[in-house]
Amino acid sequence: MKIYIEKTDEYKEVEASTVKELLEKLKINPTTILVTKNNELVTEEEKLTNKDEIKILSVISGG
Amino acid sequence: MVCKNCREKPVIKLTNSNISLCKNCYIKYFEKKVKKTISDYKLIEKNDNIAIACSGGKDSTVLLYLIKKIIKGRKDIKITALAIDEGIHNYRDKSLEFLKAFCKKHEIELKIFSYKEEFSKTLDEILKTYKGIPCSICGVLRRYLLNKKSKELEATKLATGHNLDDESQSIIMNMFKNNIKMSARLGPITGIIKDERFIPRIKPLYFLTEKEVATYAFLKGFMDKFNECPNSPYSYRGYVRDMLNSLESKYPGTKHAIITSFLEIMPLLKNHYKKDQDAIKSCSLCNEPCSQEICKTCQYIENVIKA
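For the structure given in this document, a descriptive report is provided here. Because the structure is predicted, anything quoted here is derived from the model rather than measured. (Residues numbered from 1 in each chain as written. Chains lettered and ligands numbered in written order. Predicted model: local features only at pLDDT ≥ 70, side-chain atom pairs only at ≥ 80, totals over all residues. Heavy atoms only, no water.)

Moving on: the pairing of strand β1 (residues 2–5) of chain A. Residue and element names in this part refer to chain A. Pairing geometry for β1 and strand β2 (residues 10–13), over 4 bridges, is antiparallel. Considered in β2, the bridge of Tyr4 is made with Tyr11. A loop of 4 residues connects β1 with β2, the two strands running antiparallel in sequence, and Asp9 in this loop sits at a positive phi of about 50 degrees. Relative to strand β5 (residues 54–58), β1 runs parallel, the two being bridged by 3 bridges. Within the sheet, the bridge partner assigned to Ile3 lies in β5 and is Ile54. (Pairing = 2+ DSSP bridges. Helix = DSSP H or I, 4+ residues; strand = E, 2+ residues; numbered from the N terminus.)

Another aspect to go through is the side chain of Glu46 of chain A. Following the sequence through the fold, Glu46 of chain A ends up in the loop between β4 (40–42) and β5. Under the relative-accessibility criterion, Glu46 of chain A is labelled buried at 14%. A polar side-chain atom of Glu46 of chain A sits 2.8 Å from a polar atom in the side chain of Lys37 of chain A. Among the polar contacts listed, one links the side chain of Glu46 of chain A to the side chain of Lys9 of chain B, at a separation of 3.1 Å. Not counting residues up to four positions away in its chain, the partners in contact with Glu46 of chain A are Ser17, Thr18, Val19 and Lys37 of chain A together with Lys9 of chain B. (Buried < 20%, exposed > 50% of the residue type's maximum accessible area, 1.4 Å probe, protein only. Polar contact = N/O pair within 3.5 Å; in protein donor to acceptor, adjacent residues only side chain to side chain. Contact = heavy atoms within 4.5 Å.)

Geometric descriptors of this kind do not, in isolation, establish any biological role.
So, in C-alpha cells, the structure goes:
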C-alpha cells in the first residue's frame, strides 16, 4: 500500500497488515508520530488494507 | 481494542497506563488533566493577568485555546497572546499567520515582537555570522524578550506550552551537563523565590506528552501537520529528545518516570539553591536579571549581533 510520510514529504510503498507492523518496517518510532487512516487517527493495533489512505505525521517541534 | 470508557473505536493508547481512548473520551481526559494541573499547582489565581507565550505551533495553540476555555466567565482574569517573531524564513512567518487567524477567530488579543525590531537583526541574519548552535542564542534572546515584554504588559504570569517531553529533556540535559542548579528552576510553576524581575512561568501542559498534545490539536481540528523548526535538529536537546524517545519506545513510561522522580526531589532542589537565587544581579546594561555583571543577551548583542 502507498504511505504518505509528511516529515519528508514522500510516498513509500509498504505491505503491512497493521499500523504496528507498518511502523516497524519503516523503522519509525511510534512515540514521535501520529498515524491517520482515511484521515482518522488510529492506534498501532489498527488493521490496514491496500485500499486505505495512510499518512504518518511527525509530532516533533521546537528547539 | 476498544475505548476503555465507552467501547468506541480508540484514537490513542496512553503509553503510561496502557489505556486506549476514543476521540470524545480522549478530549475529556486531556482537558481534565490540564485543569487538574492548574488546580493542583495553583497556576491560575484570582486577578491574574496572563501573558501566553505563543508561536502558532501545536503546544502553544492548545494552551491558548484551553486557558481561554478554562477562564471563560472569569472577569477578573485577563489573557494576552504574546508571540516572538525570531525571523526564521518559511517557518515562523507561516506559523504566525496561523496564530493571527487563530487569535482573531477566538477573540484573543495578540502582541507580536520581533528580533528585527528589538535586536536589529532576524535570527536568519544573525546565523549568517554566528557559527554556534542556533538554539543556544535563539533561546536566550527569546526568553529575554518574553520576560521583558510580559513585564511591560504587567503580566502576573507567563504561560508556556512546555509539555512532558520538553520537561523530561530539560531534566536529563541539566544532569548530563552537570548543571543540576538549573533544574531547581523547573517544575509546573518556575522560580525558586518570588522576585519581581522574573514573571513566574506556568506550564499547564506539564503532564501531557508531545504526542498527546499533537493528538488533541489534531482531534480539535487546529492543525493536521506539525512543523519542526529547521534549526532544531542541530541542538543538544535534539539528541536528548531522540534518546528519550528511543527509550520510551522500548520501555513505555520512561518519560513519566523521569518527571515523577524529579517532582519528588524538586522541593529539596529549590530549597538548596534558594541562596543562589538571592544573589541574582541586574544587568548593568539592560537591568534585566542575570548571574553576571552583563546578561547573556547583552553579551550576544555586543559580541555577535553588532559584530
